[in-house]
Structure formats: structure tokens, C-alpha cells
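One letter stands for each residue in the lines below.
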Amino acid sequence: MGSYPTRHVRAERENAWVENPLYETDTCELTTEFMNIFSTALLLFLVIDPVGNIPAFLFILQGVPEERHKRIIFRELFIALLALVLFLFLGQFILTALQVSQGSLGAAGGIILFLIAVRMIFPVPKGVFGEEAEVGEPFIVPLAIPLIAGPAAMATLMLLMARDPDDWPQWLAALLVAWSISGIILLSADYLARLLGRRTLIAIERLMGLVLTAVAVQMFIDGAGQAYRAIAHGQ
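Basis of the calculations
- Going along each chain's sequence as written, the residues are numbered from 1 onward.
- At least 70 in pLDDT is required for a residue's local features to be given in this predicted model, at least 80 for side-chain atom pairs to be given and counted, and no such filter applies to totals for whole chains, interfaces and linings, which use all residues.
- Neither water nor hydrogens contribute to the side-chain values; these are computed over all heavy atoms in the structure.
- Strands are runs of DSSP state E lasting at least two residues, helices are runs of H or I lasting at least four, and both sets are numbered from the N terminus onward.
- When accessible area is computed with a 1.4 Å probe and restricted to protein chains, residues below 20% of their type maximum are described as buried, those above 50% as exposed, and intermediate ones as partly exposed.
- Any pair of residues with heavy atoms lying within 4.5 Å of one another is described as a contacting pair.
- Think of a 1 Å grid over the protein atoms and nothing else: a 1.4 Å probe that fits but is trapped marks a cavity, an open set flanked by protein within 12 Å on at least five of seven lines marks a pocket, and residues with an atom within 4 Å of a point count as lining.
- Grid points are joined across faces, edges and corners, and a volume is the space filled by probe spheres set on the points.
- Amino acids outside the nonpolar list (Ala, Val, Leu, Ile, Met, Phe, Trp, Tyr, Cys, Pro) and the charged list (Asp, Glu, Lys, Arg) are all regarded as polar, and Gly is one of them.
- What goes into a patch is any residue over 30% in relative accessible area without a salt bridge, connected to like charges within 9 Å or, for nonpolar side chains (Val, Leu, Ile, Met, Phe, Trp, Tyr), within 5 Å.
- Accessible areas in this description were obtained via Shrake-Rupley with a 1.4 Å probe; residue shielding takes into account the shown protein chains only.
- Just to be clear on terms, a salt bridge is a Lys or Arg side-chain nitrogen sitting within 4 Å of an Asp or Glu carboxyl oxygen.

Q: What exactly am I supposed to notice about the overall build of the protein chain here?
A: Counting secondary structure elements, the protein chain contains nine helices and zero strands. Mapped from its N terminus to its C terminus, the protein chain presents α and β elements in the order α-α-α-α-α-α-α-α-α. Here the protein chain holds 235 residues, and the buried ones make up 37% of them. Within the protein chain, residue pairs in contact and separated by at least 24 positions form 85% of the contacts whose partners lie at least 6 positions apart.

Below, the structure is given as C-alpha cells:
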């Protein structure tokens with residue numbers, strides 16, 4: 001007949017498990033990875049700006065029957081995801097072929113983000129990218145590219161892979177999270193437009209623009225600093 005461990009023994013085992021350095025290290029690593037995914041997903045969500053794109057989507061789809069809106073948006077979302085995944089994994093090779101440094105890409109990405117953030121804070125009638133309404137059903141342009149998979153999102157993914165290529169699972173997970181949330185919002189564009197109203201959508205877009213402005217400035221500072229250090233080291 002087997003004996004069960006006493007309460008004192010069980011407590012010692014639990015304490016040893018909790019105080020195990022390997023356990024603490026694994027927990028810290030998981031927490032760091034989760035925070036990286038969360039912060040990157042938030043950045044990509046702000047860059048994609050699904051709330052701010054709702055008026056542009058409705059403007060472009062105004063000549064299409066409303067019952068086809070979700071089907072079109074669903075299709076364009078997957079096309080945009082494919083484009084972003086391609087840039088995530090092929091962006092580093094594109095940078096190498098163009099001989100573009102990480103610092104230059106970071107500074108350029110910061111400038112692009114800043115310009116988009118300014119237009120989010122001070123919106124224009126035709127949307128952040130100023131698209132004209134297309135006649136008939138849109139395909140790829142301008143919904144998938146550049147409204148969802150815009151230059152800022154592509155540059156951000158390329159920069160992430162250029163800095164830490166070994167962390168690609170985190171960047172892919174962050175992209176999928178941001179894309180999923182953006183997709184839910186855009187698929188609900190007709191409902192949200194009626195529920196919130198144009199003024200509320202503009203207010204939310206401006207708030208997101210303020211946050212994106214700070215991110216853009218920091219990205220530019222980091223990229224410019226990295227480029228300067230590379231030049232100084234080269235000299």
C-alpha cells in the first residue's frame with residue numbers, strides 16, 4: 001500500500017518548484033514575448049487604423065450593394081494579409097537588394113507614420129490616403145492596398161524583421177492579432193457607422209493619431225540615431 005506525501009513534504013515541493021530559477025526564467029521569457037506581441041500588435045493596429053478607414057471604406061463601396069460589402073471586405077482582408085506576410089518574410093531580402101540600412105528604414109518608417117498620424121488628426125474628406133471612389137466593385141486597390149496593407153505597415157514589418165529576424169514567430173503572431181481585430185472592425189463598418197456616427201469616428205481616429213504621432217517620433221529618433229552610429233563607426 002503506497003503512502004501519500006505529508007503536507008510538509010508537499011509544501012517543500014511546491015516551494016522548490018516556485019523558487020526554481022529555470023521556472024522563473026521561463027516565466028520571464030514568456031512575459032517578455034507576450035509584451036512584445038502585445039506592443040507590436042498595438043502598433044500595427046494603429047498603423048492599419050481600421051476605425052479611421054471606416055469612412056473611406058464606405059465611401060469607396062457606396063456604389064456596391066450593401067449585402068456584398070462584407071464579402072468584398074473579407075476578400076480584401078485576406079489579400080492584405082498575404083501582402084503583409086510577404087513583406088514580413090521577404091522584406092529583409094528587399095532591404096539587402098536595395099542596400100538600405102536598418103537605421104534608414106527606421107527613420108523613413110517614422111516619417112511615413114508621422115505623415116499618416118497628422119492626416120488622422122486632421123482628416124481629409126477622402127480618407128487618410130486621399131483615395132477617389134472607384135466605379136464598380138473594387139479589387140485589391142485601394143481597399144487591400146494601401147488602406148489595410150499600407151506603406152507604413154509594410155515598412156514596420158520590414159523593420160521588425162531587420163532588427164530581430166529570429167523573433168519572427170512573435171511578429172507573425174502580432175500581425176495576425178492586429179489583422180484579426182482590424183478585420184472585425186472593418187466587417188462591422190456599416191453597423192459601426194450607423195451606431196457611432198461620423199463625429200464619434202473622427203474623434204476616435206484623432207485620438208489614435210495622437211498615439212501614433214508619439215510612436216512615429218520615437219521610431220524616427222531611434223532610426224536616425226542608429227544610422228548616425230553606423231556612419232560614425234564606418235568613418
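Q: Explain the layout of surface pockets here, please?
A: If a probe the size of a water molecule is rolled over the atoms, the empty space left behind becomes visible. Taken as a whole, the largest pocket spans an internal volume of roughly 250 Å³. Forming the boundary of the largest pocket are 13 residues, of which Leu 43, Leu 160, Arg 163, Val 215 and Met 219 lie nearest the centre. Mapped onto the lining of the largest pocket, the elements with two or more residues apiece are helix H2 (21-48), helix H7 (151-163) and helix H9 (189-234). Class assignment for the residues of the lining of the largest pocket results in six nonpolar, five polar and two charged.

Q: Teacher, can you tell me more about the environment of Leu 160 here?
A: Mapped onto the secondary structure, Leu 160 falls in helix H7. Distance in space between the C-alpha atoms of Leu 160 and Leu 88 is 8.1 Å, their sequence separation being 72 residues. Discounting residues that sit within four places of it in the chain, Leu 160 has contacts with Thr 40 and Trp 171.

Q: Got a minute to help me understand helix H3 (residues 50-60) in this structure?
A: In an α-helix there are 3.6 residues to a turn, and that puts residues three or four apart on one side. Most of H3 sits inside the fold, with eight of its 11 residues counted as buried. Those residues of H3 not exposed but buried are Pro 50, Val 51, Gly 52, Asn 53, Ile 54, Ala 56, Phe 57 and Ile 60.

Q: Please clarify how a nonpolar patch on the surface should be interpreted in this entry.
A: Judged by side-chain polarity, Leu 82, Leu 86, Phe 89, Leu 90, Phe 93, Ile 94, Leu 98, Val 100 and Trp 168 come together as a nonpolar surface patch covering roughly 850 Å² of accessible area. With seven residues, helix H4 (residues 69-98) is the single largest residue contributor to the nonpolar patch. With respect to the helices and strands, Leu 98 occurs in helix H4.

Q: Would you explain unusual backbone geometry in this entry?
A: With the exception of glycine, the majority of residues adopt a negative phi angle, and the majority of peptide bonds are in the trans configuration. Cis geometry marks the peptide bond from Val 141 to Pro 142, where omega comes out at 5 degrees. Tracing the backbone shows Pro 142 in the loop between helix H5 (102-121) and helix H6 (143-148). With phi around 55 degrees, Asp 49 is a residue other than glycine that occupies positive phi space.

So yeah, pure geometry; function would need other evidence.
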